Amino acid sequence: CVLVGTVARFGTGPLWMWRHHYYTTVEDRADVEAVLKEIPPDVSVAAQNHLLPHLSARREIYQIVGPDHRRGVAQHAEYVASVARYVALDMVQSAWPKGPGYPKALARELLRRGYGVVACRGAAVLLCRDAPSVSCPVLAQ
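Residues numbered from 1 in each chain as written. Predicted model: local features only at pLDDT ≥ 70, side-chain atom pairs only at ≥ 80, totals over all residues. Heavy atoms only, no water.

Visitor: Sorry, what's going on with the pairing of strand 3 (residues 86-90) here?
Guide: For a regular strand, side chains alternate in direction, first toward one face of the sheet and then toward the other. In terms of burial, strand 3 is largely enclosed, as five of its five residues are buried. In terms of strand pairing, strand 1 (residues 45-47) meets strand 3 through three bridges, oriented parallel. Considered in strand 3, the bridge of Ala47 is made with Ala88. As paired strands, strand 3 and strand 5 (residues 124-129) are joined by five bridges and run antiparallel to one another. Within strand 5, the position partnered with Ala88 by the bridge is Leu126. (Buried < 20%, exposed > 50% of the residue type's maximum accessible area, 1.4 Å probe, protein only. Helix = DSSP H or I, 4+ residues; strand = E, 2+ residues; numbered from the N terminus. Pairing = 2+ DSSP bridges.)

This is the structure in structure tokens:
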């Protein structure tokens, strides 16, 4: 067990990693919950896969990266803009099957397409179509 869990794997074994990308901290969870509370109950929302359970009581929710995950940021932004008024992103959590910089790249592309940041707390960001933007340090980096 120790051999398989530490060295006989492709990449770093789970016993040698301090914090996995799919774990959240208490602060990260509080930030996401605060941002999600800003979404009106009757609007369409697109979000990353791990945020969808928090939005499941809504009539219209969309997963940002769907079955055709090979498409680029511009194509996903076009899809998201066509279906969702609000977009919830978490810059800390995994963007599987995309890489770690994908949520920030998607947010920047949506900002170019007329979305505005309506809530930003920690690494959690909420965008809304045709809304004025508030300051968001995580997107400025």
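Visitor: Just to check I follow, could you spell out the sheet that holds strand 1 for this structure?
Guide: Paired through backbone hydrogen bonds, the strands of a sheet run either parallel or antiparallel to each other. The five strands lie next to each other as 2-1-3-5-4, forming an open sheet whose pairing is mixed. Single-partner strands in this sheet number two, and they are strand 2 (61-63) and strand 4 (115-121). For this sheet, the mean angle separating the axes of adjacent strands, direction not counted, is 20 degrees. As judged from the six bridges shared by strand 4 and strand 5, these two strands associate in the antiparallel manner. Opposite Gly116, over in strand 5, you have Cys128 as the bridge partner. Lying over the sheet, helix 4 (residues 102-112) contacts strand 3, strand 4 and strand 5, oriented at roughly 150 degrees with respect to strand 3. (Axes fitted to C-alpha atoms, helices over the stretch in contact; angles between N-to-C directions. Contact = heavy atoms within 4.5 Å.)

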